Amino acid sequence: MRTPEANDRIQLVFSLFDADGNGFLEPDDFELMGTRVVAAVPGAGDAAKGALLGSLRRYWTTLVTELDANGDGRISPEEFTACVLNPERFAETVDEFARALSAVGDLTGEGFVARPDFIALMTAIGFRQPNIEALFDALGPAQGDRVAVDAWAEAIRDYYRPEKSGIAGDLLTGKAAG
């Protein structure tokens, strides 16, 4: 059963993935998003940047393969909302994206993402700074104001779970997690 919070999360993520703002998801949106995100952390290694770009390309491929009901090569909000929160279809894709995004922020290779890098990455995606700060704090920063890569990756996975409510990711929609 999809929660109201999951509906809010999915509407927000659609608007952010629609990088050109034309109301549809297309391959160029994922290239644009990827370019913005890797540019936000110039200190990240080439392998981590490549993994993130690859994960976004595979995310697009999964979306168009699974959701393009009318075969027009783009995803409408209706197509996206109808199926994207389906763990059976998207768990592997979301997991790859979660691992790649969280890892690209780990500039020291110690398994942590510093607050400035977290904020830079999330801002490049399009989230609002107060919401980003709230999420960072909810992830339990430690080790010199850093969050664990694994904790962030798990929060990303939870974001795509239709049955989840009261999760840290709900803070990104502007609604408090419970």
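It should be emphasised that the depicted structure is a prediction, and the values quoted were computed from it without experimental measurement. (Residues numbered from 1 in each chain as written. Predicted model: local features only at pLDDT ≥ 70, side-chain atom pairs only at ≥ 80, totals over all residues. Heavy atoms only, no water.)

Is there a simple way to think about the packing of aromatic side chains in this case?
For the coordinates displayed, the defined rule picks out eleven aromatic pairs. A ring pair is formed by tyrosine 59 and phenylalanine 97, whose centres lie 5.8 Å apart and whose planes are at 75°; its orientation type is edge-to-face. Of this pair, tyrosine 59 sits in helix H3 (residues 46-67) while phenylalanine 97 sits in helix H5 (residues 87-104), placing them 38 residues apart in sequence. Side by side, tyrosine 59 and phenylalanine 97 carry an identical accessibility label, which is buried. Members of the aromatic cluster, each reached through a chain of ring pairs, are Phe17, Phe30, Tyr59, Trp60, Phe97, Tyr159 and Tyr160. Over the ring of phenylalanine 24 we find arginine 74, and its NZ or CZ is 3.5 Å from the ring centre. (Phe/Tyr/Trp six-rings, centres within 6.5 Å; stacked < 30°, edge-to-face > 60°. Helix = DSSP H or I, 4+ residues; strand = E, 2+ residues; numbered from the N terminus. Buried < 20%, exposed > 50% of the residue type's maximum accessible area, 1.4 Å probe, protein only. Lys NZ or Arg CZ within 6 Å of the ring centre and 35° of its normal.)

Hey, could you run me through helix H8 (residues 149-159) in this one?
Side chains that are three or four residues apart share a direction in an α-helix, a result of its 3.6 residues per turn. By the burial criterion, the buried members of H8 are Val149, Trp152, Ala153, Ala155, Ile156, Asp158 and Tyr159. At its buried positions, H8 is contacted by helix H1 (4-17), H5, strand E1 (112-114), helix H6 (115-125) and strand E2 (146-148). (Contact = heavy atoms within 4.5 Å.)

Is there a simple way to explain the side chain of asparagine 131 in this structure?
Structurally, the position occupied by asparagine 131 is in helix H7 (residues 129-138). Asparagine 131 sits in the buried class, given a relative accessible area of 6%. Apart from the residues lying within four places of it in its own chain, the contact partners of asparagine 131 are Leu171, Leu172, Thr173 and Gly174.

Help me understand the nonpolar core, please; the structure alone is not making it clear to me.
Buried together is how nonpolar side chains tend to be arranged in soluble globular proteins. Leu63, Leu101 and Phe118 are the most contacted members of the largest nonpolar core, which totals 48 residues. Listing elements by their share of this core, those giving two or more residues are H1, helix H2 (27-40), H3, H5, H6, H7 and H8. Here the element with the most residues in this core is H5; it accounts for seven residues. (Core = buried A, V, L, I, M, F, W, Y, C linked by side-chain atoms within 4.5 Å.)

Help me understand the pattern of salt bridges in this model?
Side-chain pairing between opposite charges can occur once the charged atoms of the two side chains come close. Applying the stated rule across the entire model yields 14 salt bridges. A salt bridge links aspartate 72 to arginine 74, with the shortest nitrogen-to-oxygen separation between them at 3.5 Å. Beyond isolated ion pairs, a larger network of salt bridges with shared partners links Asp95, Arg99, Glu154 and Arg157. (Salt bridge = Lys/Arg side-chain N within 4 Å of Asp/Glu carboxyl O.)

Hey, could you run me through the environment of aspartate 137 in this one?
Turning to its location among the elements, aspartate 137 is positioned in helix H7. Along the backbone, aspartate 137 and threonine 3 are 134 residues apart, and their C-alpha atoms lie at a distance of 24 Å.

Just checking my understanding: could you explain unusual backbone geometry for this structure?
Excluding glycine, residues mostly carry a negative phi; peptide bonds, for their part, are mostly trans. The backbone of glutamine 143 sits at a positive phi, close to 50°, despite the residue not being glycine. Position of glutamine 143 among the secondary structure elements: in the loop between H7 and E2. Of note, aspartate 145 is a non-glycine position whose phi angle comes to about 60°, a positive value. With respect to the secondary-structure elements, aspartate 145 resides in the loop between H7 and E2.

Could you clarify how one ought to interpret H5 in this entry?
If you check H5, its first and last C-alpha atoms are 24 Å apart, about what 18 residues at 1.5 Å a residue would give, namely 26 Å. Along H5, the helix axis deviates most sharply at threonine 93, where the bend reaches about 25°. Regarding H5, the residues found buried are Pro87, Phe90, Thr93, Val94, Glu96, Phe97, Ala98, Ala100, Leu101, Ser102 and Val104. (Expected span 1.5 Å × (residues − 1). Bend = angle between axes of the 7 residues up to and from the residue.)

Explain the packing of H5 against H8 here, please?
Helix packing for two helices is described by the angle between their axes and how far apart those axes are. Axis separation between H5 and H8 bottoms out at 8 Å; the angle between their running directions is 145°. In this structure, H5 crosses over H8, and the sense of that crossing is right-handed. Note on element contacts: H8 touches H5 through Val149, Trp152, Ala153, Ile156 and Arg157, opposite Val94, Asp95, Phe97, Ala98, Arg99, Leu101, Ser102 and Ala103. Grouping the constituent residues of the contact of H5 with H8 by class yields nine nonpolar, one polar and three charged. (Axes fitted to C-alpha atoms, helices over the stretch in contact; angles between N-to-C directions. Left-handed = near helix turned anticlockwise from the far one by under 90°. Nonpolar A, V, L, I, M, F, W, Y, C, P; charged D, E, K, R; others polar.)

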